[in-house]
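Now for the letters of each chain:
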Amino acid sequence: MAIRPILEFPDTRLRTIAKPVPVVDAAIQALVDDMFETMYDAGGIGLAATQIDVHLRVIVIDLQDEEHAPLVLINPTFETLTDTLDEMQEGCLSVPGFYEPVTRPERIRLRAQDRDGSPYELEATGLLAVCIQHECDHLNGKLFVDYLSNLKRARIRTKLVKAKKVEATS
Ligand code: GNR
Ligand code: NI
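> Please clarify how the side chain of Glu135 should be interpreted in this entry.
Relative to the helices and strands, Glu135 is located in helix α2 (residues 126-139). Of the side chains bearing the opposite charge, Arg104 lies closest to the buried Glu135, which forms no salt bridge; the N-O distance is 8.6 Å. Aside from chain neighbours lying at most four places away, what touches Glu135 is Gly46, Leu47, Ala48, Gln51, Ile59 and Ile61.

> Please explain the nonpolar core as it appears in this structure.
Looking at soluble globular proteins, one finds that nonpolar side chains tend to be buried together. Membership of the largest hydrophobic core comes to 19 residues, with the highest contact counts inside it found for Ile61, Leu73, Leu122, Leu128 and Ile132. Sorting the residues of this core by element identifies β2 (58-61), β3 (71-80), β6 (107-113), β7 (119-125) and α2 as the ones contributing at least two each. Counting residues per element, this core draws most heavily on α2, which supplies six residues. Excluding residues within four positions of it along the chain, Leu122 makes contact with Leu71, Ile108, Arg109, Leu110, Leu128 and Ile132. Grouped together as the second largest cluster of nonpolar side chains are 15 residues, Val21, Ile28, Met35 and Ile74 included.

> When you look at the layout of surface pockets in this model, what are you seeing that I'm missing?
Rolled over the atoms, a probe sized like a water molecule indicates the empty space that remains. Within this model, the largest pocket holds a volume of roughly 340 Å³. In this structure, the largest pocket is lined by 20 residues; those nearest its centre are Ile45, Gly91, Cys92, Leu93 and His134. Those elements that place two or more of their residues in the lining of the largest pocket are β4 (85-90) and α2. No other element matches α2, which puts five residues into the lining of the largest pocket. A per-class count over the lining of the largest pocket returns ten nonpolar, eight polar and two charged.

Thresholds, definitions, all that
Residues numbered from 1 in each chain as written. Chains lettered and ligands numbered in written order. Predicted model: local features only at pLDDT ≥ 70, side-chain atom pairs only at ≥ 80, totals over all residues. Heavy atoms only, no water. Helix = DSSP H or I, 4+ residues; strand = E, 2+ residues; numbered from the N terminus. Buried < 20%, exposed > 50% of the residue type's maximum accessible area, 1.4 Å probe, protein only. Lys, Arg positive; Asp, Glu negative; His and termini not counted. Salt bridge = Lys/Arg side-chain N within 4 Å of Asp/Glu carboxyl O. Contact = heavy atoms within 4.5 Å. Core = buried A, V, L, I, M, F, W, Y, C linked by side-chain atoms within 4.5 Å. 1 Å grid on protein atoms, 1.4 Å probe; cavity = no way out; pocket = protein on both sides within 12 Å on 5 of 7 lines; lining within 4 Å. Points joined across faces, edges and corners; volume = space filled by probe spheres on them. Nonpolar A, V, L, I, M, F, W, Y, C, P; charged D, E, K, R; others polar.

Structure (structure tokens):
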């Protein structure tokens, strides 16, 4: 197991479209284990493989509450089950320190494969629905800042680029 470095906006590698996983083998299971370790180390509730520069359709989620067990999503797809939208404050390990409201469909049905490659389905609302949609966006090269105004996104970009420069000189 290993903690892998997390890419940060505006790194263009975060814009890569991830490829489907053809077979869930030992290498994919080792990737899943590293992703959980990396996510827990960073204090996140989800992580997409894209964020550690692996461009395969793999996600881990752990909301860390009583109701929800940790989830592995391999080759996930979802459909929205309602026209109702829900606004939630979102953050991202690839956009550290910034939290902004994002509006998304509030109820979805997920289809994915688990750590053994077995297909499953689940319906989600609330934070789980938000997190699944946020992570699936990563696999398509999309970030929550893309839903914000150009001005807000530009300000976040400038601050993160400056923070990186300070980090590099210290
Ligand atoms: O840790 C995370 N918290 C979070 C909060 C609100 C909406 C989405 C998220 S996902 C984020 C971890 C992350 O960046 N996953 O890609
Ligand atoms: Ni994220």
